[in-house]
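Commentary on secondary and tertiary structure
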Amino acid sequence: MKKLITIVSLFSGTFAFSQASEAKVRELIKVMGADKMAISGMQHQVQEIKKSSPDISDEFFNEFMAEVTTERITELYIPIYSKYYSESEVDDLIRFYKSPVGQKTISVLPAIMKESIEAGQKMGREIGLKVKEKLDKKAGYQNPPPPMPKKNK
């Protein structure tokens, strides 16, 4: 009987710990606005897909986005956040994101990400051109190639 009580106690403790962790992760996701950011990102992607695939009906996209809720995103994110953060780290993150600098981070992060992506794309183009020119020169190509001489008839 003692073994049974011990086993039940262990499972109960584990379940209670999981519930507390889930509640804290849920709070973190809400404080960070991660669920709303995900929905915003999906809405942006839908707009891009609409541009590249005009044959897909608006009704499809409307129905699709109706299925994407903050609760659904939160449920999706809970096991992911739980995998990478301990309960004490989640507590620290909640405190941070509730602080003034945490709130500022949340508000400026989209702009930082956008500018970082644009800067990275520009850098990638510049490096690509530089490497292409270097390899062309190494292979003996001139950029642009010289004009072909005209033949006299």
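The paragraphs below set out a description of the structure included in this document. (Residues numbered from 1 in each chain as written. Predicted model: local features only at pLDDT ≥ 70, side-chain atom pairs only at ≥ 80, totals over all residues. Heavy atoms only, no water.)

When helices and strands are counted, the chain shows six helices and zero strands. Its helices and strands in sequence order give the chain the pattern α-α-α-α-α-α, from N to C terminus. By residue count, 18% of the 153 residues in the chain fall in the buried class. Put simply, of all contacts in the chain between residues at least 6 apart along the chain, 74% involve residues at least 24 apart. (Helix = DSSP H or I, 4+ residues; strand = E, 2+ residues; numbered from the N terminus. Buried < 20%, exposed > 50% of the residue type's maximum accessible area, 1.4 Å probe, protein only. Contact = heavy atoms within 4.5 Å.)

Relative to the helices and strands, Gln 103 resides in helix α6 (residues 100-139). Relative accessible area serves as the criterion here: at 40%, Gln 103 is assigned to the partly exposed category. For the pair formed by Gln 103 and Val 31, sequence separation is 72 residues and the distance between their alpha carbons is 8.8 Å. Beyond its immediate stretch of four places on either side in the chain, Gln 103 contacts Val 31, Tyr 97 and Lys 98. In this structure the side chain of Gln 103 is engaged in a polar contact, spanning 2.4 Å, whose partner is the backbone oxygen of Tyr 97. (Polar contact = N/O pair within 3.5 Å; in protein donor to acceptor, adjacent residues only side chain to side chain.)

Moving on: a nonpolar patch on the surface. Taken together, Ile 49, Ile 56, Phe 60 and Phe 64 make up a surface patch of nonpolar side chains, about 330 Å² in accessible area. Along the chain, the position of Ile 56 falls in the loop between α2 (34-52) and α3 (58-67). For Ile 56, a relative accessible area of 32% gives the class partly exposed. (Patch = residues over 30% accessible without salt bridge, like charges linked within 9 Å, V, L, I, M, F, W, Y side chains within 5 Å. Areas by Shrake-Rupley, 256 points an atom, 1.4 Å probe, with all protein chains shown as cover. Salt bridge = Lys/Arg side-chain N within 4 Å of Asp/Glu carboxyl O.)

Turning our attention to the packing of α2 against α3. At their nearest, the axes of α2 and α3 sit 11 Å apart, and the two run at 170° to each other. The orientation of α2 relative to α3 falls into the category roughly antiparallel. For the pair α2 and α3, the crossing hand works out as right-handed. Where α2 abuts α3, its residues Ile 39, Met 42, Gln 43, Val 46, Ile 49 and Lys 50 lie against Asp 58, Phe 61, Phe 64 and Met 65. (Axes fitted to C-alpha atoms, helices over the stretch in contact; angles between N-to-C directions. Parallel < 35°, antiparallel > 145°, perpendicular 65-115°, else oblique. Left-handed = near helix turned anticlockwise from the far one by under 90°.)

So yeah, pure geometry; function would need other evidence.
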